[in-house]
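Chain residues, written in single-letter form:
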Amino acid sequence: MKTLIINIKKLVQIEKAPRTWVAGKDMAQLSSIDNAWLLVEDDKIAAFGEMKELDKASVCSGGDTIKEIDATGRLLLPSYCDSHTHLVYAGSREVEYIDKIRGLSYEEIARRGGGILNSAERIRQASEEELYDAAYDRVQEIAGYGTGAVEIKSGYGLDTDSELKMLRVIRRLKQETPLLIKSTFLGAHAVPAEYKGRQTDYVDLIINEMIPMVAAEELADYIDVFCDKGFFTVEDTDRMLNAGMKYGMRAKIHANELDYSGGIQVGVKYDALSVDHLEYVGDEEIACLLGSETMPTVLPGAAFFLNMPYSPVRQMIDAGLPVALASDYNPGSSPSGNMKFIMSLGCINYKMLPEEVINATTINSAYAMGVQEEVGSIAVGKLANFYLTKPVPGIEYLPYAYTADLVETVFLRGEQLQF
């Protein structure tokens with residue numbers, strides 16, 4: 001089966017030689033073709049180019065069934081890669097939202113048993129089927145927004161059975177949805193109530209019981225730790241990442257959301273795929289990241305929703321770093337998986353250019369979840385994960401029209417989705 005898309009107003013984020021990521025001043029560059037065509041064969045991108053160079057006879061050779069789509073006036077972009085989410089959860093936390101409005105901080109809510117501990121209690125009570133059904137709806141939701149690859153973390157279980165339950169739900173989502181999904185074990189998301197005052201004992205449980213059982217069922221691609229003020233220390237994080245590495249789980253770190261925690265440094269020490277949040281980043285952290293293979297990943301939705309300081313994205317880019325953006329979709333601090341809105345926040349609050357936010361939500365965020373060879377750009381041989389916009393003036397309109405639904409058609413693995 002072939003699909004030929006013709007008269008594309010602008011084919012965005014093309015690559016003839018796929019790159020690992022885009023960094024520094026190159027983030028402001030975006031390769032595109034005006035008045036373009038693109039050919040999909042089975043689940044892959046087979047060819048693309050300018051309309052004036054399209055040889056339809058060659059494309060239609062071989063007797064394959066051809067579906068043709070006229071994209072006049074529309075942009076075609078690679079699907080978003082959302083490299084940091086917690087979208088397997090039970091129930092919402094709007095009561096805590098009101099607490100925030102009344103002036104309570106994230107840390108104060110956590111100390112009262114809210115936040116992550118609130119979600120943990122609900123996860124423990126929910127069945128695997130209930131969690132799957134709710135998460136499946138959220139996956140469908142983000143696919144409709146144009147997301148084609150997503151990383152999903154555990155971390156709301158905080159005991160062995162519940163963490164495994166969450167990870168089994170993620171595995172089923174991998175098998176039963178067309179999105180490209182990576183799973184991350186985040187047992188170290190918070191210290192559960194029953195281990196209050198015994199944090200080291202909980203770290204021991206993660207190392208000696210959870211990690212081996214997660215590995216035995218091959219449930220996680222990565223391991224994550226919330227290394228920050230009031231959560232896990234650098235020493236705790238070092239121990240858990242070391243244990244995860246022994247079982248083949250590469251690190252991804254929650255770091256420097258609440259303070260200068262040392263999380264970036266320990267993440268780089270363990271060759272973390274990404275360090276995420278990064279509200280508190282200075283010269284020392286930037287120097288540590290330069291030359292590493294760790295992707296700085298900023299979560300604008302969480303900073304917006306919690307009214308937190310904004311990560312110094314311009315300083316990081318000007319220093320030559322790559323930057324990825326992700327949604328942090330979760331019930332407490334970023335209850336949205338709309339990556340177009342994340343692009344808008346990148347432009348409005350972090351002073352990123354439209355080209356920079358597109359790079360940050362496609363090729364760079366693909367790297368941040370380890371799938372840059374499969375998705376993140378329009379390149380021959382990559383998965384045919386992309387979306388067509390409604391008729392729009394240009395790429396600048398996507399973050400500008402920050403509440404408008406501009407996605408008209410979504411393709412994942414070469415199939416046009418029906419919503």
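Summary of the structure given here. This is a predicted model, so every value here is computed, not measured.

One finds Leu 87, Val 88, Leu 173, Phe 185, Phe 232 and Met 352 to be the most contacted residues of the largest nonpolar core, which totals 105 residues. Considering every element that reaches this core, the biggest residue donor is helix H7 (residues 199-216), with eight residues. In contact with Leu 173, not counting residues within four places along its chain, are Leu 87, Val 88, Tyr 132, Ala 135, Tyr 136, Val 139, Ile 152 and Ile 181.

Glancing now at H7. When the terminal C-alpha atoms of H7 are compared, their 25 Å separation across 18 residues agrees well with the 26 Å that a helix rising 1.5 Å per residue should span. At Ile 206, H7 shows its maximal kink, close to 35 degrees. Regarding H7, the residues found buried are Tyr 202, Val 203, Leu 205, Ile 206, Ile 207, Met 210, Ile 211 and Val 214. Looking at the packing, one finds that the buried side of H7 touches helix H6 (160-176), strand S8 (180-188), strand S9 (222-227) and helix H8 (234-246).

Time to look at the environment of Asp 221. Topologically, Asp 221 is positioned in the loop between H7 and S9. When its relative accessible area of 23% is taken as the criterion, Asp 221 is described as partly exposed. For the pair formed by Asp 221 and Pro 178, sequence separation is 43 residues and the distance between their alpha carbons is 18 Å. Apart from residues lying up to four places away in sequence, Asp 221 is in contact with Lys 174, Ile 181, Lys 182, Ser 183, Gly 248, Met 249 and Arg 250. A distance of 2.8 Å separates a polar atom in the side chain of Asp 221 from a polar atom in the side chain of Lys 174.

At Gln 13, a residue that is not glycine, the phi angle is positive and equals roughly 65 degrees. One can find Gln 13 in the loop between strand S1 (2-12) and strand S2 (32-41). Non-glycine residue Asp 328 carries a positive phi angle of around 60 degrees. Structurally, the position occupied by Asp 328 is in the loop between strand S13 (324-325) and helix H13 (339-350). Looking at Asp 328, the relative accessible area reads 2%, which means it is buried.

With that settled, the discussion passes to the packing of aromatic side chains. For the structure shown, the criterion picks out 13 aromatic pairs. Aromatic side chains Phe 386 and Phe 411 sit 4.9 Å apart centroid to centroid with 20 degrees between the ring planes, which places their arrangement in the stacked category. Taken as a pair, Phe 386 in strand S14 (residues 386-389) and Phe 411 in strand S15 (residues 407-412) lie far apart in primary sequence, 25 residues in all. Judged on exposure class, the residue Phe 386 and its partner Phe 411 are both buried. By way of ring pairs, the aromatic residues Tyr 195, Tyr 202 and Phe 232 are connected into one cluster. When the ring centre of Tyr 89 is taken as reference, the NZ or CZ atom of Arg 138 above it lies at 3.5 Å. Geometry around Tyr 132 places Arg 172 over its ring, the cationic atom sitting 3.7 Å from the centre.

The rules we used
Residues numbered from 1 in each chain as written. Predicted model: local features only at pLDDT ≥ 70, side-chain atom pairs only at ≥ 80, totals over all residues. Heavy atoms only, no water. Core = buried A, V, L, I, M, F, W, Y, C linked by side-chain atoms within 4.5 Å. Buried < 20%, exposed > 50% of the residue type's maximum accessible area, 1.4 Å probe, protein only. Helix = DSSP H or I, 4+ residues; strand = E, 2+ residues; numbered from the N terminus. Contact = heavy atoms within 4.5 Å. Expected span 1.5 Å × (residues − 1). Bend = angle between axes of the 7 residues up to and from the residue. Polar contact = N/O pair within 3.5 Å; in protein donor to acceptor, adjacent residues only side chain to side chain. Phe/Tyr/Trp six-rings, centres within 6.5 Å; stacked < 30°, edge-to-face > 60°. Lys NZ or Arg CZ within 6 Å of the ring centre and 35° of its normal.

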